[in-house]
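# Observations on the model geometry
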Amino acid sequence: MNEIQLGRLTLGRCIAEGSQGRIIELADHPGTVAKLYRTRELGLVDGRALGELVRIRRFVESEGLQVDHFAAWPHTVVLDGLRTSGFLMQRVHDPFLAGFGPATALAELGLLVNVGDVPMPGVYERVLLLRALAAAMDALHRQGLVLGDLSPRNIAWSAMPVPRVMLLDCDGIRPAGEPGVLPPADTRGWEDPTNLGHQPTADSDRFKLALAIARVLTGDRNASPGLRPDLTFAGQAGILVGPLTRLMDRAAGPPGTRPTAAQWATVLDVRSPWMGAGPPLPPTPPPPPMPARGPSPSGEILRPFRFPR
């Protein structure tokens, strides 16, 4: 397993802070960042679970793309002596950034619901973004993993050159039915009402995926499968109304009856039958090779992470 002592890292500036910890640049490895847990969280961190995420990363792929193309996945455990203090992951760069006046920040899923000054993709691109999200979730489920806290802040997106997503806060991912790196979290308003206070499951993931689809396609932050969201679209987008409505009705049902991520991905796959409903997209390029060292989609350096001895 990849491990490194905290004292060997050349830490730069803090680029983000959250309730669990801080994201800090590595001054001598610009394509890599460290997530270091806050002191109050350190007693809750399950180092074994984090090591398992690092170990299995090479098995996770979506439609031929390895995990670094769609997830900021932990690749090295950071130790402070014998204690697990955080991990290293790739830094998320363009094209997953949005401009906010003179500043830029991650283009999070919430931007597609809470429309502000950032130019928003049309319905066609939103459908394909949601298809990419469903495909990424399906990749996890096929490996027996659950996403857990799917929320507006845990998914970044880009519409160029093709619509795609990047999973964030991947230390929340865990094998189904097993403890995670930290106790499970649910973003308020994005919970599965049948699973409150319990470990995340594939079924709770499926409900949250349906929430994301309903809210991104309607622009309504309160849309939910059980409220029969208005999924009617004008023009050629109308071909989606029937299939989406049927899946959304099933998503409101009890665990065990909800559509799988793969079923959502199939219905949302409008790349062929709906060409012309929006700006023409280039054909999906073949997955680039992922050597042991080489450029990631952002042009930064990929794993394995090694320091000179």
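See the structure above.
## Comments concerning unusual backbone geometry
Here the bond from D94 into P95 is cis, since omega is 5°, no more than 30 degrees from zero. A cis amide bond links M160 with the next residue in sequence, P161, at an omega value of -5°. Looking at the element boundaries, P161 is found in the loop between β12 (155-158) and β13 (164-167). With phi around 50°, D169 is a residue other than glycine that occupies positive phi space.

## A closer look at the nonpolar core
If you look at the biggest cluster of nonpolar residues, it comprises 79 residues, and the most contacted ones within it are W73, L167 and W264. Setting aside chain neighbours within four positions, we find W73 in contact with L53, I56, R57, V60, V67, L88, M89, L140, L145, C170 and I173. Ranked by size, the runner-up nonpolar core spans 8 residues in total, among them I4, L26, L36 and V78.

## Here we look at the sheet that holds strand β1 (residues 3-5)
Spatially, the 6 strands line up as an open sheet ordered β1-β7-β8-β4-β3-β2, and their pairing is mixed. For this open sheet the edge positions go to β1 and β2 (11-17), each flanked by a neighbour on one side alone. Each strand axis lies, on average, 30° off the axis of its neighbour in the sheet, ignoring direction.

## Regarding the side chain of N154
Its place among the elements puts N154 in the loop between β11 (145-146) and β12. For N154, a relative accessible area of 9% corresponds to the buried category. Those residues in contact with N154, other than ones at most four positions away along the chain, are D149, M166, L167, L168 and D169.

## A word on helix α3 (residues 123-142)
The end-to-end C-alpha distance of α3 is 28 Å, a good match for the 28 Å that 20 residues give at a rise of 1.5 Å each. When you tally the buried positions in α3, you get 18 out of 20 residues, the bulk of the element. After α3 finishes, the residue G144 shows a positive phi value of roughly 75°.

## With respect to helix α4 (residues 202-218)
An ideal rise of 1.5 Å per residue puts 24 Å on 17 residues; α4 measures up with 24 Å between its terminal C-alpha atoms. Positive backbone phi, approximately 75°, marks G219, located one or two places after α4.

## Remarks on the environment of L217
Relative to the assigned elements, L217 resides in helix α4. A residue is classified by how much of its surface remains accessible, and L217, at 10% relative accessible area, is buried. On a C-alpha basis, the gap between L217 and F233 in space is 9.4 Å, while along the polypeptide they are 16 residues apart. Those residues in contact with L217 that sit more than four places away from it in its chain are R126, V127, L130, L231, F233 and L244.

## So, the side chain of K208
Its place among the elements puts K208 in helix α4. With near-sequence residues (within four places) excluded, K208 lies in contact with G148, D149, L150, D186, W190, E191 and D192.

Here is what the cut-offs are and how they apply
- Note on numbering: residues in each chain are counted from 1, in written sequence order.
- In keeping with the model being predicted, local features are shown solely for residues with a pLDDT of at least 70 and side-chain atom pairs are shown and tallied solely at 80 or more, while totals for entire chains, interfaces and linings include all residues.
- Here the side-chain values reflect all heavy atoms present in the structure, with hydrogen atoms and water set aside.
- To qualify as a helix, a DSSP run of H or I must reach at least 4 residues; to qualify as a strand, a run of E must reach at least 2; elements of each kind are numbered from the N terminus.
- The term nonpolar core refers to a set of buried residues drawn from Ala, Val, Leu, Ile, Met, Phe, Trp, Tyr and Cys, joined through side-chain atoms within 4.5 Å.
- Think of it in three bands: with a 1.4 Å probe and only protein chains considered, a residue is buried below 20% of the maximum accessible area for its type, exposed above 50%, and partly exposed in between.
- For this analysis, residues touch if any pair of their heavy atoms sits within 4.5 Å.
- Pairing between strands is defined by DSSP: at least two bridges between the two strands are required.
- To obtain each axis, a line is fitted to C-alpha atoms, and for helices this fit is confined to the stretch in contact; angles are then taken between N-to-C directions over 0 to 180 degrees.
- A helix is expected to span 1.5 Å multiplied by its residue count minus one.

Everything listed here is a matter of geometry and, on its own, says nothing about what the molecule does.
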